[in-house]
Amino acid sequence: MAEIIGPRLYSCCNCRNHVALHDDVISKAFQGRNGRAFLFSHAMNISVGPKEDRNLMTGLHTVADVYCCDCREVLGWKYEKAYEESQKYKEGKFILEKSRIVKENW
């Protein structure tokens, strides 16, 4: 009998709640607060905190921290607004820190 294999996922490192699909990775070349981070087009099972302006490596952005909706672990942030034209592609996208997520179904 063939084994049924689901989609490759990323889960919260703390409680294993599914938070993103591998197919939604845009880039693995981002920097988070605690090291490497991935840029995702979508995230799931997360809550979004209040918006705030932050001066990041690529300039000023309005971002909101994102949390696992089950355990409230901070996983990264959502780009709400980019002030520099070259950074507009990030708007509405999610940064999930590599140290805060684990692979599932790989």
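Thresholds applied
- Residues numbered from 1 in each chain as written.
- Predicted model: local features only at pLDDT ≥ 70, side-chain atom pairs only at ≥ 80, totals over all residues.
- Heavy atoms only, no water.
- Helix = DSSP H or I, 4+ residues; strand = E, 2+ residues; numbered from the N terminus.
- Rg over C-alpha atoms; globule rule 2.2 N^0.38 Å.
- Contact = heavy atoms within 4.5 Å.
- Areas by Shrake-Rupley, 256 points an atom, 1.4 Å probe, with all protein chains shown as cover.
- Lys, Arg positive; Asp, Glu negative; His and termini not counted.
- Charge placed at Lys NZ, Arg CZ, Asp CG, Glu CD.
- Salt bridge = Lys/Arg side-chain N within 4 Å of Asp/Glu carboxyl O.
- Buried < 20%, exposed > 50% of the residue type's maximum accessible area, 1.4 Å probe, protein only.
- Core = buried A, V, L, I, M, F, W, Y, C linked by side-chain atoms within 4.5 Å.
- Patch = residues over 30% accessible without salt bridge, like charges linked within 9 Å, V, L, I, M, F, W, Y side chains within 5 Å.

So, the overall build of the protein chain
Step number 1: Along the backbone of the protein chain there are zero helices and nine strands.
Step number 2: Along the protein chain, helices (α) and strands (β) appear in the sequence β-β-β-β-β-β-β-β-β when read from the amino end.
Step number 3: Taking 2.2 N^0.38 as the reference for a compact globule, 106 residues should give roughly 13 Å; the C-alpha atoms of the protein chain span a radius of gyration of 14 Å, in line with that estimate.
Step number 4: In terms of overall dimensions, the protein chain has a C-alpha envelope of 55 × 25 × 20 Å along the principal axes.
Step number 5: For the protein chain, long-range pairs separated by at least 24 residues make up 47% of all intrachain contacts whose partners lie at least 6 apart in sequence.
Step number 6: Only carbon and sulfur atoms are counted for the fraction: they give 49% of the accessible area of the protein chain, which is about 6,100 Å².
Step number 7: For the protein chain, the distance from the average position of its 16 positive side-chain charges to the average position of its 14 negative side-chain charges is 3 Å.

Describing the environment of Tyr79
Step number 1: You can see Tyr79 is positioned in strand β7 (residues 74-82).
Step number 2: Distance from Tyr79 to Val63, taken between C-alpha atoms, is 4.6 Å for residues 16 residues apart in sequence.
Step number 3: Those residues within four positions of Tyr79 in sequence are excluded, and the remaining contacts are Phe30, Leu39, Leu56, His61, Thr62, Val63, Lys90, Glu91, Gly92, Lys93 and Ile95.

Here we look at the pattern of salt bridges
Step number 1: Applying the stated rule across the entire model yields six salt bridges.
Step number 2: Asp65 is paired through a salt bridge with Arg54; the nearest N and O atoms lie 2.6 Å apart. Of this pair, Asp65 sits in strand β6 (residues 59-68) while Arg54 is found in strand β5 (residues 46-56), placing the two residues 11 residues apart along the sequence.
Step number 3: Where salt bridges share partners, they join Arg33, Glu52, Arg54 and Asp65 into one cluster.

Concerning the environment of Asp23
Step number 1: Mapped onto the secondary structure, Asp23 falls in the loop between β2 (18-21) and β3 (25-32).
Step number 2: Residue class for Asp23 comes out exposed when judged on its relative accessible area of 71%.
Step number 3: Here the alpha-carbon distance between Asp23 and Pro7, two residues 16 residues apart in the chain, equals 8.4 Å.

Considering the nonpolar core
Step number 1: Counting 13 residues, the largest nonpolar core has Val19, Phe40, Leu75, Leu96 and Ile101 as the members making the most contacts within it.
Step number 2: Counting residues per element, the ones that place at least two in this core are β1 (9-12), β2, β4 (35-40), β6 and β8 (94-97).
Step number 3: When near neighbours in sequence (up to four residues on either side) are disregarded, Leu75 contacts Cys12, Val19, Ile46, Val66, Tyr67, Cys68, Ile95, Leu96, Glu97 and Arg100.
Step number 4: One finds Val63, Trp77, Tyr79 and Ile95 within the second-largest nonpolar core, a separate group that totals seven residues.

A word on a positive patch on the surface
Step number 1: A contiguous patch of positive charge on the surface is contributed by Arg8, Lys28, Arg36, Lys98 and Lys103.
Step number 2: By secondary structure assignment, the location of Arg8 is in the segment before β1.
Step number 3: By relative accessible area, which is 37% here, Arg8 ends up partly exposed.

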